[in-house]
Amino acid sequence: EAAHLWYNMLRKILERYGFIANEVEPCVFNRTNKDTGVQLTIALHVDDLLVTCACRKDLDRFLAYMKREFSAITVHEGKKLSYLGMLFDFNVDGEVSVTMEKCVEDVI
């Protein structure tokens, strides 16, 4: 019940900003900048959001919006990001490598 209430509240906040929930996976949200055509994508797992966009300005605007909506948020940025046991490596322009070495090590 609490998780559903949280999702509904966050969904409304994202929709106010112009995001649309993916029809197939409702924990993925997309917003396309009408001026540039650049897409901002969010993958949501409970209260962890992975936000990607090719435009730094769009990311900064979204972050400012979220800081107005929530009093405390934590942001991790960089060419390598850990998210839900996965390591996302963005070191090659236009590509992302995803590994789960830490998860595999924990299981073994």
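Our structure is the block above this text.
What counts, and at which threshold
- Residues numbered from 1 in each chain as written.
- Predicted model: local features only at pLDDT ≥ 70, side-chain atom pairs only at ≥ 80, totals over all residues.
- Heavy atoms only, no water.
- Core = buried A, V, L, I, M, F, W, Y, C linked by side-chain atoms within 4.5 Å.
- Buried < 20%, exposed > 50% of the residue type's maximum accessible area, 1.4 Å probe, protein only.
- Helix = DSSP H or I, 4+ residues; strand = E, 2+ residues; numbered from the N terminus.
- Contact = heavy atoms within 4.5 Å.
- Expected span 1.5 Å × (residues − 1).
- Arc of directions from axis to C-beta.

Peer 1: What should I look at first to understand the nonpolar core in this one?
Peer 2: Across soluble globular proteins, nonpolar side chains show a tendency to be buried alongside one another. With 18 residues, the main nonpolar core has Leu 14, Phe 19, Phe 29, Phe 62 and Met 66 as its most contacted residues. When contributions to this core are tallied by element, the ones reaching two or more residues are helix 1 (2–16), strand 3 (39–45) and helix 2 (56–69). For Phe 29, the residues in contact, after removing those within four places along its chain, are Tyr 7, Arg 11, Leu 14, Phe 19, Ile 20, Ala 21, Leu 40, Thr 41, Ile 42 and Leu 44.

Peer 1: Just to check I follow, could you spell out helix 2 for this structure?
Peer 2: Helical geometry: 3.6 residues make up each α-helical turn, so side chains three or four residues apart lie on a common side. Given a rise of 1.5 Å per residue, 14 residues ought to cover 20 Å, and the 20 Å separating the end C-alpha atoms of helix 2 matches this to within 8%. Buried within helix 2 are the following residues: Asp 58, Leu 59, Phe 62, Tyr 65 and Met 66. For helix 2, the buried positions fall inside an angular range of 125° around the axis, keeping them on one side. Opposite its buried face, helix 2 presents the exposed residues Lys 57 and Arg 68, each directed more than 90 degrees away. Summarising the contacts, the buried residues of helix 2 are in contact with helix 1, strand 3 and strand 4 (48–53).

Coordinates in, geometry out; function isn't part of it.
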